[in-house]
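Take a look at the letters that make up each chain.
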Amino acid sequence: MKNDIFNFRRFGKYFATDLRICRANYGLSLMTISLLTPLVLYVIVATINQIMHNTWDGPDIGLRVFAFAVAMICMVVTMPVKCYGKITEKQYGSFWLTLPASRLEKFISMILMTCIIVPVSGALLYLGLDALICAFDHTCGQNLFAGGLDLLQKMGEANEVTLNLIDESITVEDATFAQEIIRQMNNPWMYIDEIFCFTLPFLLGAVFFRNGKTVKTFIALFAISTLTGMIMSPIMTDWALKLVENANDDPMGIFNNMFNNKLFKNLVLIDTVTDTVTNLALMAGIWFRIKTLKH
């Protein structure tokens, strides 16, 4: 019975098939976004600088970070529709349902492809080409990967300075707690669940809506975020007022109120729990959609 639900050998074969299908449907788009974007950006900016200022200068790191973010957003938005959007169509959906794999195996393959394989592959290709361009033309400055490492180091140094400024006005227990919060917030692995929160809605939209998948997904996200904002705004406003309450003109009073606030003390845990609940809800929606898919 367990083999009917999940079999490692069968899953491996299906995952390889899913990878080939996704590569056929989205491979060219992935290469275009990951490789053509940084190259075109470099050529356009350098050419404009040559014409306008008579000097060959590549794009600085700020512009390249912005382009990288836009490229990753485009990848996350377009990939699920290209790879899995057709399963709502009668012909392809019937073919997909007859593939020799259980629904659980197809579901896991979907999640891996959408949330890990394609984003990581696209990011590595983009960052790799960016590093080559920066090595070839030093006017671009640091490559994005090295710049990210430097940013993490500077954030750590800035946080140490902040802690040194407030250590004299707070207890040793609060100082230790503040260091732990900062350490957790500087840990890149903490934000892995954020990537899932951003990618899963578009996978759900791709398998749920029959047409206008991307537009309808954006509309649904806008409606949900608006409703959530209306609910959370009074709570966050009340929390912010409590932080400055009785602080008078002493800035350290705000820190003391912050460290004594239950919401702030559990900030990392709350973020992790809310992201986990959101991801589980999205996965549940995807699971029940493919479970009830019929043609």
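Placed above this text is the structure.
What this report covers is the structure whose coordinates are included nearby. Keep in mind the model is a prediction, meaning the values are calculated, not measured.

1. So, the layout of surface pockets
Right, so step 1: Empty space within the second largest pocket amounts to approximately 210 Å³.
Right, so step 2: Together, Cys197, Phe198, Pro201, Phe202, Leu221, Ile224, Thr278, Ala281 and Leu282 line the second largest pocket.
Right, so step 3: Of all elements in the fold, only α8 (192–208), α9 (213–244) and α12 (267–291) reach the threshold of two or more residues within the lining of the second largest pocket.
Right, so step 4: When residues in the lining of the second largest pocket are grouped by element, the largest group, four residues, is from α8.
Right, so step 5: Split into classes, the residues belonging to the lining of the second largest pocket amount to eight nonpolar, one polar and no charged.

2. Considering the packing of aromatic side chains
Right, so step 1: In this structure the tally under the stated criterion is ten aromatic pairs.
Right, so step 2: Between Tyr42 and Trp56, the ring centres sit 6.1 Å apart and the planes meet at 75°, which makes this aromatic pair edge-to-face. Pair noted here: Tyr42 is in helix α2 (residues 8–53) and Trp56 is in the loop between α2 and α3 (61–84), with a separation of 14 residues, a long-range link.
Right, so step 3: Using a relative accessible area of 8% as the deciding quantity, one classes Tyr42 as buried.
Right, so step 4: Classification of Trp56 as partly exposed rests on a relative accessible area of 40%.

3. Some remarks on the state of the cysteines
Disulfides are covalent bonds that link the sulfur atoms of two cysteine residues.
Right, so step 1: Taken as a whole, this structure holds one disulfide when the rule is applied.
Right, so step 2: Paired by a disulfide, Cys22 and Cys83 hold their sulfur atoms 2.2 Å apart. Handedness of the Cys22-Cys83 disulfide follows from its S-S torsion of about 65°: it is right-handed. Of this pair, Cys22 sits in helix α2 while Cys83 sits in helix α3; the two residues are 61 residues apart in sequence, bridging distant segments of the chain. In this structure, Cys22 and Cys83 share a single accessibility class: buried.
Right, so step 3: The thiol of Cys115 is unpaired, and the distance to the nearest cysteine sulfur, on Cys197, comes to 9.6 Å.
Right, so step 4: By relative accessible area, Cys115 is classed as buried at 4%.
Right, so step 5: Between Cys134, a free cysteine, and Cys140, which holds the nearest cysteine sulfur, the sulfur-to-sulfur gap is 4.8 Å.
Right, so step 6: A relative accessible area of 5% means that Cys134 is categorised as buried.

4. Some points on the side chain of Asp18
Right, so step 1: Relative to the helices and strands, Asp18 is located in helix α2.
Right, so step 2: Among the polar contacts listed, one links the side chain of Asp18 to the side chain of Ser109, at a separation of 2.5 Å.
Right, so step 3: Ignoring anything within four residues of it in the chain, the contact list for Asp18 reads Tyr84, Ser109, Met110 and Met113.

5. Focus on the pattern of salt bridges
Right, so step 1: Within this structure, the stated rule accounts for two salt bridges.
Right, so step 2: Glu105 is the partner of Arg10 in a salt bridge, and the nearest nitrogen-oxygen pair spans 2.9 Å. Here Arg10, found in helix α2, pairs with Glu105, found in helix α5 (residues 103–136); they are 95 residues apart in sequence, far enough to count as distant.
Right, so step 3: Assessed through its relative accessible area of 0%, Glu105 is described here as buried.
Right, so step 4: Between Asp130 and Arg64 there is a salt bridge, with its nearest N and O atoms 2.8 Å apart. Pair noted here: Asp130 is in helix α5 and Arg64 is in helix α3, with a separation of 66 residues, a long-range link.
Right, so step 5: Relative accessible area serves as the criterion here: at 4%, Arg64 is assigned to the buried category.

6. Section: the packing of α2 against α3
Right, so step 1: Taken N-terminus to C-terminus, the directions of α2 and α3 make an angle of 160°; their axes are 10 Å apart at the nearest point. Overall, the two elements α2 and α3 adopt an arrangement that is roughly antiparallel. Relative to α3, the crossing made by α2 is right-handed. Contact with α2, carried on its side by Asp18, Cys22, Asn25, Tyr26, Ser29, Leu30, Ile33, Ser34, Thr37, Leu41 and Val45, involves Leu63, Arg64, Ala67, Ala71, Cys74, Met75, Thr78, Met79, Lys82, Cys83 and Tyr84 of α3 and no other residues of that element.
Right, so step 2: Of the residues assigned to the contact of α2 with α3, the class counts are 14 nonpolar, five polar and three charged.

7. A few points about α2
Right, so step 1: Its axis deflected by about 60° at Tyr26, α2 carries its strongest bend there.
Right, so step 2: Sitting at the amino-terminal end of α2 is Asn7, which places a side-chain oxygen 3.0 Å from the backbone nitrogen of Arg9.
Right, so step 3: Two residues or fewer past α2, Asn54 is found with a positive phi of approximately 60°.

8. Points about empty space enclosed by the protein
Unoccupied space between atoms shows up once a probe the size of one water molecule is rolled over them.
Right, so step 1: Enumeration according to the criterion identifies two cavities of 30 Å³ or more in this entry.
Right, so step 2: If you add up the space inside the largest cavity, you get close to 40 Å³.
Right, so step 3: Pro38, Leu41, Tyr42, Pro59, Arg64, Tyr126, Asp130 and Ile133 are the residues that line the largest cavity.
Right, so step 4: By residue class, the composition of the lining of the largest cavity is six nonpolar, no polar and two charged.

Each value, and the rule that gives it
- Residues numbered from 1 in each chain as written.
- Predicted model: local features only at pLDDT ≥ 70, side-chain atom pairs only at ≥ 80, totals over all residues.
- Heavy atoms only, no water.
- 1 Å grid on protein atoms, 1.4 Å probe; cavity = no way out; pocket = protein on both sides within 12 Å on 5 of 7 lines; lining within 4 Å.
- Points joined across faces, edges and corners; volume = space filled by probe spheres on them.
- Helix = DSSP H or I, 4+ residues; strand = E, 2+ residues; numbered from the N terminus.
- Nonpolar A, V, L, I, M, F, W, Y, C, P; charged D, E, K, R; others polar.
- Phe/Tyr/Trp six-rings, centres within 6.5 Å; stacked < 30°, edge-to-face > 60°.
- Buried < 20%, exposed > 50% of the residue type's maximum accessible area, 1.4 Å probe, protein only.
- Disulfide = S-S within 2.5 Å.
- Polar contact = N/O pair within 3.5 Å; in protein donor to acceptor, adjacent residues only side chain to side chain.
- Contact = heavy atoms within 4.5 Å.
- Salt bridge = Lys/Arg side-chain N within 4 Å of Asp/Glu carboxyl O.
- Axes fitted to C-alpha atoms, helices over the stretch in contact; angles between N-to-C directions.
- Parallel < 35°, antiparallel > 145°, perpendicular 65-115°, else oblique.
- Left-handed = near helix turned anticlockwise from the far one by under 90°.
- Bend = angle between axes of the 7 residues up to and from the residue.

The analysis is restricted to geometry; functional conclusions fall outside its scope.
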